[in-house]
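Examining the three-dimensional arrangement
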Amino acid sequence: MKSHAGVAGFFAMIFAVSGARADAAAVFGQGARSAGVARADTAGGGAADAPRVNAALAAEPGTRVRIGYAYAALGLDFNGRDLGVAHVSGVDLALQGGGRVSRDVTIGAALAVHLPDPYLAAIAFRPATEPQFVLYEAPLRRTTIDFVAAARVGPVAIDGGVAAGLGVGGAGTAFTLGQDGGGTFADAGLDVALPYRFAPLFGLRVALGRAVLAASVRGSTAIDLRLDNAVAIRLNDNPLNGTTEVRVRGSAGHDPTTIDIGARVAVGGGLSLLGAIEYAVYSAAPPPSADVGIDVHLGTTPGLRPAFVFAPGFHDTVSPRVGAELRRPSPDDAAWRWAVRAGYARVPSPVPDQLGFTTFLDSTRHEVAVGGGYHLGRVAGVDLAVEIAAQLHVLTARAEEKPSASLPYARFESSGTIVHGAATLEAAWR
Amino acid sequence: MRARWVPIAAALAVFAAAPRAAQASAFEVLGFGPTGVAEVNARAARADDGTAAFYNPGSLAFGRGAQLAIAPTLGISALAAQGKTIGLDDPFGIAVAIAVTVPLEGPLKDRIRLGFGGYLLPGGLLHLVARPGAAPLFPYYDNRTQRLTVVPALAVKITDRLGIGVGVNVLGGVSGPASVQPGASGATESRLDLEATTRASVHAGVRFDLAKQARVAFAFRQRFAVPAKVTTTAEIAGIPLAVSVGTESALFDPAALVLGSSFELGAAAFEIDATWSMWSAYEGPFAGVRASLPGLDIASNLPAGFARDVVSVRAAGSYRVAIGASAEVVLRAGAGAEPSMLKGATQGRTNLVDGDKILGGVGASLALHDVLSVRAIRVGAGLGTQVVLATSQAKSACAALPCPADTVAGPDATNPSVGIANPGFPRLEGGGAFWAGSLGLEVDL
């Protein structure tokens, strides 16, 4: 059995490198069960939740596959008007397999994938001086692939894994506008690469009778961009003859390193209470805007001001989350018939007061979640369950006034609401 | 317990990989695993493991249990044009094949199989290189091994003799606008909206077993290409620039129809496949460009209609030699021929090279049954070659303005036939060989 698990885990790990990275799941939760308790399930998720909730959950005997769909409508306002931040939707997949090595030891691995509807990833940079909701634009619009492996010895489970992502690089584009005896011609070369990027995942879970304690760490992720565009113009008697090179560097959709500590207590009668604290290291975030470099060697001598990139100066945040789940007639994974759950989270904003050219928008977010599930039982040899969840996020109103009226958007106000829904179907072979 | 959860785990791995699926080019050029390399891809009627996701998803239905395989694969180009060797940008990758029977009960028991074929580059998802228009290159091989390949497939065994299957062949391209303009501070600022868009095509197939020893197969692989396009607008010192560079058909694979049949004679098995590859839809390996500058609006004039459909024939055989009660060696060989996908028309600035190809391959595998708690473990090796026969084309110098598209010109408009620097002038020549090697480890669970 051990060798089988190793082979399966190895191949699963290979697949993990094919994806991109976070992260709609970090805001809404991956799967309806996690979403229904406002992501307070660090210590209480199911085995298929392992890659996103706590990797230690993967060490559960059996095999599970889960497919779901989630949609979030974002209504984020700037000075009273909707800023048009794109809605977020996509398919969630989760796989988990585990087996018993000995009476007290189990091992397992799990894979979670989030696929946005229209594309694998979007890489968006706005001009730094433009108002923008930096946490809700590019970060929510990319494929997520997380792989974890875990081992459990008695009541203690430990794990490790990777979140896989992509960058955008390569030599860039080169364009030559030239002239020969046949007339003018345009020639181009293109060198684009999508290199892999990885971030580490770790988790720990201890079961103490009715109580479960858990902790998880997730490394930071982002889509790094390096795009060069070289233009060469060689025409007879043209004052623009020469070369222009535009270099763009940036890191889109940064997700910070997060540290989660949580607990679950089985109160009785199928009711469990969940609590978690998430510490997000936003202070290491790179600028959300791209750095631009330009080299111009033309027949004319332009006057250029160098591009600038502001350090965003984000704050680290601490987010408390609480939730409750009622499963009847039994809380056991194989015996429950129906479930209801609810949760609440308060997520402070990492964005500091805007005092200069930038107008980064965000405010404290209150999140309320509800959900439920129905266990269909065995169908054609497969144990099936369906889950649904809904969330309402409210971004409190935030008004700011910059120190000088000559700065862009010297006075502004932001607020917003987000409505999220998710549904999942889980198949299990225990 | 073990027999129950292991195949399920493999199935889940297949399912998880499905949405990230990609392209099949590396398999077409290199072969899929040591068996595909050795048998020159003549596998449509016999592949029933994960490689069937590429060769014929219908054949996947006839496998049993779960198989996992990994095969590091290397391509080496000894192709030369104008006396210079043209190598591969990314010659190494790892092929992965997984197949599993979905553990259902009732009438669906042992009827549904999932398969997965993948080719993973060590450094990234893809590496697209579009060369300048005059650079000599072999379009049949250019860019075709430089991307992640992920082909998940689902197969159903309708009857004990008939299987059908379908796979999805997906990859993401990169496209979108980028602008560089003076911002509110007066400095240049950038606005980018690049999207790694999803492109998908279908693999489908049918296999019908005429008898236990004789099979026929039909497979279809839809045309596949991804966009790679970046439109840059900039304002440099008050001078507006707009340049769009890219292609809508990067990483191109032609649509292909495969008709195959196989039969077995004792320990020997033979297969012959005919493949119709629709290269005529190929728009070319070049990046197009459109530029707008003050007083000037120009677009590249790329050649069109230079490729043609081709039919290739491939044959392969294998022979099993038992070694004791629980081991066997399988010897493999294949051969085939494929015409050039270029029409051979006289080219202007471009220098595309391709020739008729002679295909060959050899390989062997060792299988150990019922060891280490698994049904079988196989190790194998395959070596293949594609000999591209020498090809030559005379180039025409432009004699008078306006220069026809199938000529090349020097820098002087008053005397365009003098000083021509096109690398293919006066004669474009090329040929050589392309080699592929693969080592594989396969486990039947």
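Heads up: these notes are all about the structure in this document. (Residues numbered from 1 in each chain as written. Chains lettered and ligands numbered in written order. Predicted model: local features only at pLDDT ≥ 70, side-chain atom pairs only at ≥ 80, totals over all residues.)

**Some remarks on the overall build of chain B**
Note the threshold: By definition, any uninterrupted DSSP run of H or I lasting at least four residues is a helix, any uninterrupted run of E lasting at least two residues is a strand, and each is numbered from the N terminus. Our exposure labels follow a C-beta count within 10 Å of each residue's own C-beta, placed from the backbone: buried means 20 or more other C-beta atoms, exposed means 12 or fewer, and partly exposed covers the counts in between.
Broken down by element type, chain B carries five helices and 24 strands. Residues classed as buried in chain B amount to 55% of the 445 residues present.

**Some remarks on the overall build of chain A**
We count it as follows: By the convention adopted here, residues are in contact when the distance between their C-beta atoms, placed from the backbone, does not exceed 7 Å.
Secondary structure assignment for chain A yields three helices and 20 strands. Burial status across chain A gives 55% buried among its 430 residues. Taking all contacts inside chain A whose residues are at least 6 apart in sequence as the whole, residues at least 24 apart take part in 72%.

**Description of the nonpolar core**
To keep things clear, this is the line we draw: To count as a nonpolar core, a set of buried Ala, Val, Leu, Ile, Met, Phe, Trp, Tyr and Cys residues must be joined through C-beta atoms within 7 Å.
Residues Ala 50, Ala 58, Ala 110, Val 148, Ala 150 and Phe 175 of chain A together with Leu 128 of chain B are the most contacted members of the largest nonpolar core, which totals 188 residues. Ranked by the residues each element gives to this core, the list is headed by strand E9 (residues 183-208) of chain A, at eight residues. Non-local contacts of Phe 175 of chain A, meaning those with residues more than four positions away in its chain, are made with Ala 188, Ala 230 and Val 231 of chain A together with Val 243, Val 245, Val 289 and Ala 291 of chain B. Counting residues in hydrophobic clusters, the runner-up holds five residues, among them Cys 398, Cys 403, Val 408 and Phe 425 of chain B.

**A short note on the environment of Gly 293 of chain A**
Its place among the elements puts Gly 293 of chain A in strand E15 (residues 291-298). In this structure the C-alpha to C-alpha distance between Gly 293 of chain A and Arg 249 of chain A, which are 44 residues apart in sequence, comes to 8.4 Å.

**Remarks on the pairing of strand E14 (residues 271-281) of chain A**
Residue and element names in this part refer to chain A. Stated formally: Here the rule is simple: two strands pair whenever DSSP picks up at least two bridges between them.
Looking at chain direction, strand E13 (residues 257-268) and E14 are connected through eleven bridges and run antiparallel. Residue pairing in the sheet places Arg 264 in a bridge with Leu 274 of E14. Counting the residues that bridge the hairpin from E13 to E14 gives two residues, and of these Gly 269 lies at a positive phi of roughly 65°. Relative to strand E16 (residues 317-328), E14 is paired through ten bridges, and the arrangement is antiparallel. Directly across from Leu 271, in E16, lies its bridge partner Leu 326.

**Remarks on unusual backbone geometry**
A cis geometry characterises the amide bond from Arg 328 of chain A onward to Pro 329 of chain A, with omega recorded as 0°. Within the secondary structure, Pro 329 of chain A is located in the loop between E16 and strand E17 (338-347). Following Phe 425 of chain B, the chain continues into Pro 426 of chain B via a peptide bond in cis, with omega recorded as 5°. Residue position: Pro 426 of chain B is located in the loop between strand E23 (407-408) and strand E24 (427-444). You will see that Tyr 409 of chain A, though not glycine, has its phi angle at about 50°, which is positive. Phi at Asp 370 of chain B takes a positive value of approximately 55°, unusual for a residue other than glycine. Assignment of secondary structure puts Asp 370 of chain B in strand E20 (residues 357-371).

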